[in-house]
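# Structural overview for review
Now for the letters of each chain:
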Amino acid sequence: MKRLFVLCVVCLALSVHAATPLKLWYKQPARIWQEALPIGNGRIAGMVYGGVQDEEIQLNEENVWGGGPHSNVRALVPDTLACVRELIFTGKEQQAHDMINRNFMTGQHGMPYETVGSLKLHFNVNGEATDYRRELDLTRAVATTTFRIGKIVYKREVFTPFTDYSGGDVMVIRLTANKKHAISFKAEYESPLRHEVSVDAIKALVMMGHGADHEGIKGVINACTITKVSADGGKVVYGDKAISVERANEVELRISMGTNYKTYKDVSGSAYDQALGRLLKSYEQNTTQILANHEARYKEQFNRVSIDLGCNAAETELPTDERLK
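Residues numbered from 1 in each chain as written. Predicted model: local features only at pLDDT ≥ 70, side-chain atom pairs only at ≥ 80, totals over all residues. Heavy atoms only, no water.

Looking now at unusual backbone geometry. It is generally the case that most residues other than glycine have a negative phi and that most peptide bonds are trans. The phi angle at His181 is positive, at roughly 60°, despite the residue not being glycine. Its place among the elements puts His181 in the loop between strand 9 (171-177) and strand 10 (183-190). Despite not being glycine, Lys203 has its phi angle at roughly 60°, a positive value. (Helix = DSSP H or I, 4+ residues; strand = E, 2+ residues; numbered from the N terminus.)

On to the side chain of Arg134, then. Its place among the elements puts Arg134 in strand 6 (residues 129-137). For the buried Arg134, which has no salt bridge, the nearest side chain bearing the opposite charge is Glu35, at an N-O separation of 5.3 Å. Within the local environment of Arg134, its side chain forms a polar contact with the backbone oxygen of Glu35, the two atoms lying 2.8 Å apart. (Buried < 20%, exposed > 50% of the residue type's maximum accessible area, 1.4 Å probe, protein only. Lys, Arg positive; Asp, Glu negative; His and termini not counted. Salt bridge = Lys/Arg side-chain N within 4 Å of Asp/Glu carboxyl O. Polar contact = N/O pair within 3.5 Å; in protein donor to acceptor, adjacent residues only side chain to side chain.)

A separate point is helix 5 (residues 287-302). The end-to-end C-alpha distance of helix 5, which contains 16 residues, comes to 22 Å, matching closely the 22 Å that a straight helix rising 1.5 Å per residue would cover. Along helix 5, the residues classified as buried are Thr287, Ile290, Leu291, His294, Glu295 and Tyr298. With its buried residues spanning 130° around the axis, helix 5 presents them on a single face. The N-cap of helix 5, judged by a side-chain oxygen 3.1 Å from the amide nitrogen of Thr288 a few residues on, is Asn286. (Expected span 1.5 Å × (residues − 1). Arc of directions from axis to C-beta.)

With antiparallel pairing, seven strands are arranged side by side in an open sheet as 2-3-4-5-10-15-14. The sheet terminates laterally at strand 2 (37-40) and strand 14 (235-238), the two strands that pair on one side only. Strand-to-strand, the axes of this sheet are offset by a mean angle of 20°, without reference to chain direction. (Pairing = 2+ DSSP bridges. Axes fitted to C-alpha atoms, helices over the stretch in contact; angles between N-to-C directions.)

Tracing the chain through its elements places Thr106 in the loop between helix 3 (93-103) and strand 5 (117-123). Taking relative accessible area as the criterion, Thr106 reaches 27% and is therefore assigned partly exposed. Sequence spacing of Thr106 and His210 is 104 residues, and the spatial spacing of their C-alpha atoms is 24 Å. In this view, Thr106 contacts Asn72 and Arg74; residues no more than four positions away in its chain are not counted. A distance of 3.3 Å separates a polar side-chain atom of Thr106 from the backbone nitrogen of Gln108. (Contact = heavy atoms within 4.5 Å.)

Okay, structure coming up:
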């Protein structure tokens, strides 16, 4: 919690003057989850690691929980609470404690939130990366990774549209390079959930995940993640459990997530239909339009408040992790 507070203060201080960009930035990829850069729109979210050869984007959807709808309220004899109070008032705390455990506790203390899993991108790049930079622009809510290998500069942008629905409520990944036919990679899923992966009729990579049992409550949440790949130039190859891109000029991935959750006591929905509907809705606009709408909607909220904590020009030239140290 202390580190989080310090990080928040740094975030506020980074751009107190117009000339100082409000960004978290690093000179190396994330090694652990806590170092990855967060993106999200309130329903779906991701943690971007920024790896050069192996990129990971850990995925979350707000309704993916273990267990399922249930009540942990026990029927009581009407005088039970009065008896507990009497024991406490007469100094018999241990007996009161035992009586509470026998009569009130059910063994279900709450269901755990669970990750959907991760989208893994394995890039065909050879050579040492230089000029590496991984950043989260807090004024735009866009995570960007850039680096150079030889004469080729690679750029990856990730964001989750902050729009009322015009962006389709999906995650967008845009891959570009300053040389044609320079982008080659394989996309696949990884998940701690019980899951199945396939390529469906619209030639998208689909993962169906199933929430785990917890404290004797059967896992009933189903989660569907659909990733659609669009490439400019090059070739897209569809396997059974992965999609590969070969020698593309530019690539866009859209990730949609949905569950069977309808209400706190109704999980009769279709996770696939929900995810597919959001994905198809997103294609009513191109990426440029979605990004513009996202930034405009986000800035309506973000730009409501500003704070000036002074500026140390020498420190603002340092990566965020070095500033924290």
